[in-house]
Amino acid sequence: MSSIIDSGTPAGAPTGGPAHKRGVPRSAAIPLGLAKRFLTAREGSIIVVTVLLTVYFIATLSSSFTGTANIQALFPYFAPYAILAVGEVFLMINGEIDLSIGGVYLFAPYLYYELANGHVPLLLAVLITFVACTAIGLVNGLITMVVGISSFITTLGTLFTLEGFTLIISHAEQVTAPGSQLAVSATSNSLSSFASVFGAGTYSELIWAVVIVAIMHVVLTQTSWGSHTIAVGSNKLGAAEAGVRVRWVVIRNFMVCSTFAGIVGILEAIRTSSITPDPSGAGVLTLSAIACAVIGGTLLIGGAGTVIGALIGALFLGILQDGLAIKGVNADYLDFYLGLAILLAMAINTYVGRVRKGSGLG
Amino acid sequence: MADQAIPGEHIVAPASSEDDVLRVEHIAKSFGPVTALRDVSLHLKKGEVLGLLGDNGAGKSTLIKILCGFQKQGSGKMWLKGEPYEPKSVENARALGIDVVYQDLALIDDLSVYENMFLCREERRGGLPFLDKRRMKKETRKALDDIGINLPRLEVPVARLSGGQRQSIAVARGVYSQADILLLDEPLAAMGAKEGAMILDLIARLKAEGKLSIIMILHNYVHVLESCDRVNMITDGVIALDKPTADTSVEELTEIVVDEYRRARAAAQAEEAAMRGVSVAEPGV
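Residues numbered from 1 in each chain as written. Chains lettered and ligands numbered in written order. Predicted model: local features only at pLDDT ≥ 70, side-chain atom pairs only at ≥ 80, totals over all residues.

Asker: Is there a simple way to explain unusual backbone geometry in this structure?
Answerer: In most cases, non-glycine residues show a negative phi, while peptide bonds are predominantly trans. In this structure, His119 of chain A is a non-glycine residue whose phi angle is positive, near 65°. Among the secondary structure elements, His119 of chain A is positioned in the loop between α6 (101–117) and α7 (122–147). By the C-beta count within 10 Å, which is 7 here, His119 of chain A ends up exposed. Unlike most non-glycine residues, Ala106 of chain B shows phi in positive territory, near 55°. In this fold, Ala106 of chain B is placed in the loop between β6 (98–101) and α3 (113–117). (Helix = DSSP H or I, 4+ residues; strand = E, 2+ residues; numbered from the N terminus. Buried ≥ 20, exposed ≤ 12 C-beta atoms within 10 Å, placed from the backbone.)

Printed below as a string of C-alpha cells:
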C-alpha cells in the first residue's frame, strides 16, 4: 500500500521519506513516516473511506458481496469511470475541464457502427473511431487555447454539438454494436477475440482501466509531460516564461481525454452489445467521472492531482452502487449517498491539505 | 508630450567591437497605446557585467523579455556573437546560450525545488522519456551548495519556501544552465542582506571566471557600483547613460534620477496648466 501512496503522491508533495537520512533512528522514523505519508497523501482520505465502505458491505452482506460473480459484476460499475476520470485528471491539473466526454462517449460507437456498416474491417473501424475522438480533443484544445474561450464553455458547446449530431445520424434509434453479436451468439459460448478485447470479455474493461491508469500514472509522475501539466495549472505565465509550451501541453491533454472517452464508448457498446443514443445517461457519466477525479484528490483549480486517486474514486463509486444494489436499497438513494460521499471526501481532503501545509511534514 | 521630453542625450552603443557577445540596435516595443521601449541600443562584452538602471516602468523588464526570447521586439535588430539574433522562443534563446532570471521568478509553486531547477531542461534516463530524478536532485544540491543556500529538502514544493529561498533557486537555475549570457531581472528583490550578499558573491565569482557575460537589472546603486563593470540607465524608453562604473558615482546616478523627476513634475504641471486653460475656455465654446 505504502508504495502506491508514495508513487501516487503528486510531484513535490510532502513525504516522510528522507527522515532516516537525517539520522533519525530507522525503527522510529519509518512507521511514523508511513502513517503520516498515508494520511496526508492526496489519495489518503478516499482510500480510508473506500476501505471502510468495503468493510461495511462485507460485514452486512458477506458472501453475496465477496462472491466471484459479484466482484466480476462490479467491474463495469467502475472501470469506465476510472478511464474517463484519468483523462479529466490531466485537464483538471491544467486548470481546465472537459464536459464533452459524454458527447464523445455517445458519438464514438455510432461512428464505429457507420464505419462497420460501410464494410470497414472492425479493428480498423475501431482505430478510425479512436483517431476521430482524438481529433475532437484537438478541436476542444484549439478553441480553448488558440481562440481563447474558457474550456467550460468550449466543451459545453462540443458536448451539445456531438449529442445533437449523434441523434441526427442515428435517427435516435438504438442499434446493435457490430462485432458484439459474436459475443452473445447462442450457438457458441466462446467470444470472438475482437469482442473479448474490446469490452465483452469479463476482465476486458478492467484490464483497459488498469493499463490506462498505470500508463497515465507514470506519465504524470515520471515524465516532463506530467511536470509540465502541473506547471501550466499552477502558474501559467511562469511556465511560459520558463519555456513550457503551454498551449501544446493543454491541447495534448484534451486529445488524450477525448480519446479515453471514445475508448469507453466503444467498450461499453460492445460489452452491452447495443448502442443507445441517450444524452441524459451520457451527462450523468460525465459528471460521475469528474466526481471520481475530485473525490480522488484532484483539485478543480489546477496545479495538483492524482491518477491513482481517480482510480480509487471510481472504485468507491462502483462499490457504493454495487453494494447498495445488493442491499436492495432503492436506486433513488444512490445519488443521495454519492452526493454525501463527495461532500465528505472533499471536506476530508481540504482538512488533510491544511494539515499537510501546516504541520511542516515536508 | 513624451516625444518632447527626451531626457539626456540619446546614446547609441558604439559600433560592434570584437568582444561584443550581444548587441542590440534601435529596439522599440509598444503594447497597444503604451510605448515600453522607444529606441534602445546597447552592447555587452564577453565576460562583462552590465548593470541596467531605470525608473519603474522605464522598460527594463521589457528589454530583458525581448533579449531572452519571451517577447518579440516591435522593431530593431539584435546580434549574438556577430550573428543576427532572432529568438523564436525562450527555448530557442536558451539553445543559443542566453538564459534569464525573471523578476517574477517563473517558479511553479506546486513543483518541488529540483523540478523547478530543471523545468524545461529535464534530465532524462538514457533515450527514454522518464525523468532522472536522482540526477536532478544531485545537481540541484550541488548548485545550491555552491551558492551557499542551505535547503534541507529538495522534494518540497517551492510554495513553502521563503521569498529569499525562492529567489536563490531562480538565480541558481539561471546560473547553472550552461548559458554564456545571463539576464538577471532584479535578482536581489526579495532577499535579505545575507542572501543578497551570497548572490553578489556568486556574481563576482562568475565574473572572475570570465566565461559568463551578464546583464543585471538592479535598484540599489551601491550594488551596481560594487558588482558591475558598466552601467546603462534607461529613462523613458531610451538609454540615457552608458558609463563604466569606475567613472560614475552614486551621486551622479542619483542626480540623473532626481533630474528626471524634476522634468516629469514640470511636464505634469505644464499639462495641468494647459488643461486648466482648456477648461476655462470651455464655457465659451
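Asker: Sorry if this is basic, but what is going on with the nonpolar core here?
Answerer: A general trend in soluble globular proteins is that nonpolar side chains are found buried together. Residues and elements named next belong to chain A. Counting 170 residues, the largest nonpolar core has Ala82, Ile83, Ala85, Val86 and Cys292 as its most contacted members. Of the residues forming this core, the biggest block, 15 residues, is contributed by helix α14 (residues 246–272). Setting aside residues no more than four positions away along its own chain, Ile83 makes contact with Trp208, Ala209, Ile212, Phe260, Ile263 and Val264. (Core = buried A, V, L, I, M, F, W, Y, C linked by C-beta atoms within 7 Å. Contact = placed C-beta atoms within 7 Å.)

Asker: Mind showing me how you'd approach the packing of helix α15 (residues 279–295) of chain A against helix α16 (residues 307–326) of chain A here?
Answerer: Packed helix pairs are characterised by how far apart their axes lie and by the angle those axes make with each other. Residue and element names in this part refer to chain A. Across the interface, α15 lies against α16 with an axial gap of 7 Å and an inter-helix angle of 120°. The orientation of α15 relative to α16 falls into the category oblique. The hand of the α15/α16 crossing is right-handed. Packed against α15, whose contacting residues are Ser288, Cys292, Ala293 and Ile295, the element α16 presents Ala310, Gly313, Ala314, Phe316 and Leu317 at the interface. Along the lines of polarity and charge, the residues of the contact of α15 with α16 split into seven nonpolar, two polar and no charged. (Axes fitted to C-alpha atoms, helices over the stretch in contact; angles between N-to-C directions. Parallel < 35°, antiparallel > 145°, perpendicular 65-115°, else oblique. Left-handed = near helix turned anticlockwise from the far one by under 90°. Nonpolar A, V, L, I, M, F, W, Y, C, P; charged D, E, K, R; others polar.)

Asker: Would you take a moment to explain the packing of helix α11 (residues 204–222) of chain A against α16 of chain A for this structure?
Answerer: Residue and element names in this part refer to chain A. The interhelical angle for the contact between α11 and α16, taken along N-to-C directions, is 150°, at an axis separation of 8 Å. It follows that α11 is roughly antiparallel to α16 by the angle criterion. On α16, the residues touching Val213, Met216, His217 and Leu220 of α11 are Val307, Ile308 and Leu311. Here the contact of α11 with α16 is composed, by residue class, of six nonpolar, one polar and no charged.

Asker: I'm lost on the interface of chain B and chain A in this one. Help?
Answerer: Interfaces are often described in size by the accessible area the parts lose on coming together. Contact with chain B, which involves 26 residues of that partner, is made by 22 residues of chain A. Here the side of chain B that touches chain A takes three residues from helix α2 (residues 90–95) of chain B, the largest share from any one element. For the side of chain B that touches chain A, the class distribution of residues is 14 nonpolar, two polar and ten charged.

Just geometry here; none of it tells us what the structure is for.
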